[in-house]
Amino acid sequence: MTFTHFPDLASRALAGSVVYANDELFAERENLIKPGPAAFSTEDFGHKGKVYDGWETRRRREPGNDYAIVRLGVPGVVRGVVIDTAWFKGNYPPYASVEAAGVEGTPSPAELERANWETIVGKSAIRGDAENAFEVADRRRWTHVRLSIYPDGGVARFRVHGEPVPDPRLLDGTIDLAALEHGGNVVACSDTFYSAPVQLLLPGRARIMGDGWENARRRDGGNDYVTVRLAARGRVRRVEIDTSYFVGNAAGWASLSGTDAGHPDVDHADAEWFELVPKTRLQPDTRHFLRPVSAAPVTHVRLDVFPDGGLARLRVHGELDADAHRAAVLRWLDLLPAGHAVEVLRGAGVPGRTAEELVARRPFADGDVLPPALLLPAGPPFRP
């Protein structure tokens, strides 16, 4: 499963939600997107029968199939899905498919029923008590996915791994440039022994020690680090290094460096790094707020911890560069499904016929002039 290094865009940890299921008599739909593996107890029974840590529908006695609709916590390009039927052995669905839609705003289940759903994983045979993985070739940006099972049965977890592509209209002002929900991501890490470093970038506060990043104990005199590709090129105004819930195993010291690779997707391996936050003593179970010593633009930051230890969250607050924001808008418009892109352009004041013509001749070019409603205030006037 080469795609599983991408974050799970459907996870409850990223504020994903199962907004609808046509049936959940035996086990509730919300279990599909819970972080962590499914649990099982041989003695756990309820008044409806065996209790499963997953989504399970009743035995279907009429034609048709069951399905659940998931709103992605962060919209994005889906690289692959995992339909995990752990512990479902005699009651798993023999077939499944996945459809996707890209829509504006926060539609209701009834409105989603009328959305334009497109298949990203065709109807395929799946196995019981197994992680059924499917790569996705479609490179468009989606906001919702629908898991269809044929004809009925149980699924423990549904993972939707992909590349976050947030709405750039919401990335104005001071934001967390490193946040996963804004398009930041971990691109390198020295050690992932206890937990994944991508948890440093999750929304909200950590609830337990396991919600952060913890490495193994170092015995070689070196130090551990995490490198983060920011949402886009920007200037850092404030840094938060949070050791909440790490008491006897928090990092002792930390520093933050930055580099400007010109574009976040450019290889940063040979980049020149400069100091943003000097090596600073950390306290256990504490949120540390720090001001950078440089306002130079950066595309990546590297958090070094000395010598090792755990952190709950890393926040890198700052503003996007206007040119970087424009590039993000162009890429976002290119990745939207056609109908969604037309709706966005119309909402930004582009006449209907012109919006359809612009979408039909995608991809957009660097020199194209965009509606000012989609850009930071410095954007040029729009001339269709």
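Bear in mind the structure is a predicted one, so any value in this text is a computation, not a measurement.

## Considering the overall build of the protein chain
Helix and strand content of the protein chain: four helices and 19 strands. A compact globule built from 384 residues would reach a C-alpha radius of gyration of about 21 Å, and the protein chain, at 23 Å, matches this within 12%. Over its C-alpha atoms, taken along the principal directions, the protein chain stretches across nearly 65 × 60 × 30 Å. Out of the 384 residues in the protein chain, the part that is buried amounts to 53%. Per element, the accessible surface of the protein chain, about 17,400 Å² overall, is 49% carbon and sulfur.

## Overview of the layout of surface pockets
There is about 1,100 Å³ of room inside the largest pocket. Around the largest pocket, the lining is made up of 37 residues, and of these Pro7, Asp8, His161, Ala196 and Val198 lie nearest the centre. For the lining of the largest pocket, the secondary-structure elements that each account for two or more residues are β5 (66-84), β11 (157-164) and β13 (185-189). Broken down by class, the residue content of the lining of the largest pocket amounts to 17 nonpolar, eight polar and 12 charged.

## Some thoughts on the side chain of His161
Its location among the elements puts His161 in strand β11. Under the relative-accessibility criterion, His161 is labelled buried at 10%. There is a polar contact of 2.8 Å between the side chain of His161 and the backbone oxygen of Phe6. Dropping the residues within four chain positions of it, His161 is found in contact with Phe3, Thr4, Phe6, Pro7, Asp8, Val77, Val78, Arg79, Gly80 and Val82.

## Description of the confidence of the model for the protein chain
With 93% of its residues at a pLDDT of 70 or more, the protein chain shows a mean pLDDT of 91. pLDDT under 50 marks residues 378-384. Its contacts with residues more than four places away, or in other chains, come to 13 contacts.

## Here's the deal with the environment of Pro372
Relative to the elements of secondary structure, Pro372 occurs in the segment after α4 (352-360). On the basis of relative accessibility, which here comes to 44%, the residue Pro372 falls in the partly exposed class.

## Section: the packing of aromatic side chains
The full count for this structure, using the stated rule, is two aromatic pairs. With 5.9 Å between their ring centres and 45° between their planes, Tyr20 and Tyr67 make a pair best called tilted. Pair noted here: Tyr20 is in strand β1 (residues 17-21) and Tyr67 is in strand β5, with a separation of 47 residues, a long-range link. A relative accessible area of 29% places Tyr20 in the partly exposed class. Seen from their ring centres, Phe193 and Tyr194 are 4.8 Å apart, and the 80° between their planes marks the pair as edge-to-face. Pair check on accessibility: Phe193 and Tyr194 agree, each one exposed. The positively charged end of Lys123 is found above the aromatic ring belonging to Tyr95, 5.4 Å away from the centroid. Above the plane of the ring of Trp253 lies Lys279, whose end atom (NZ or CZ) is 5.7 Å from the centre.

## What about the pattern of salt bridges?
In the structure shown here, the tally under the stated rule is 26 salt bridges. Asp138 is the partner of Arg140 in a salt bridge, and the nearest nitrogen-oxygen pair spans 2.8 Å. Salt-bridge contacts for Arg218 lead to Asp224; the nearest nitrogen and oxygen are separated by 3.0 Å. When its relative accessible area of 2% is taken as the criterion, Asp224 is described as buried. Put simply, Glu24, Arg29 and Glu30 are held in one network by salt bridges that share partners.

## A short note on the nonpolar core
Formed by 35 residues in total, the largest nonpolar core has its most connected members in Val228, Ile241, Val301, Leu303, Leu311 and Leu314. Those elements that provide at least two residues to this core are β14 (224-242), β15 (253-259), β16 (274-281), β18 (298-306) and β19 (313-320). Of the residues forming this core, the biggest block, seven residues, is contributed by β14. Setting aside its immediate chain neighbours within four residues, Val228 contacts Ala178, Asn185, Val186, Leu201, Thr299, His300, Val301 and Leu314. Counting residues in hydrophobic clusters, the runner-up holds 28 residues, among them Val81, Phe134, Trp142 and Phe158.

Quick notes on the rules
Residues numbered from 1 in each chain as written. Predicted model: local features only at pLDDT ≥ 70, side-chain atom pairs only at ≥ 80, totals over all residues. Heavy atoms only, no water. Helix = DSSP H or I, 4+ residues; strand = E, 2+ residues; numbered from the N terminus. Rg over C-alpha atoms; globule rule 2.2 N^0.38 Å. Buried < 20%, exposed > 50% of the residue type's maximum accessible area, 1.4 Å probe, protein only. Areas by Shrake-Rupley, 256 points an atom, 1.4 Å probe, with all protein chains shown as cover. 1 Å grid on protein atoms, 1.4 Å probe; cavity = no way out; pocket = protein on both sides within 12 Å on 5 of 7 lines; lining within 4 Å. Points joined across faces, edges and corners; volume = space filled by probe spheres on them. Nonpolar A, V, L, I, M, F, W, Y, C, P; charged D, E, K, R; others polar. Polar contact = N/O pair within 3.5 Å; in protein donor to acceptor, adjacent residues only side chain to side chain. Contact = heavy atoms within 4.5 Å. pLDDT = per-residue confidence, 0-100. Phe/Tyr/Trp six-rings, centres within 6.5 Å; stacked < 30°, edge-to-face > 60°. Lys NZ or Arg CZ within 6 Å of the ring centre and 35° of its normal. Salt bridge = Lys/Arg side-chain N within 4 Å of Asp/Glu carboxyl O. Core = buried A, V, L, I, M, F, W, Y, C linked by side-chain atoms within 4.5 Å.

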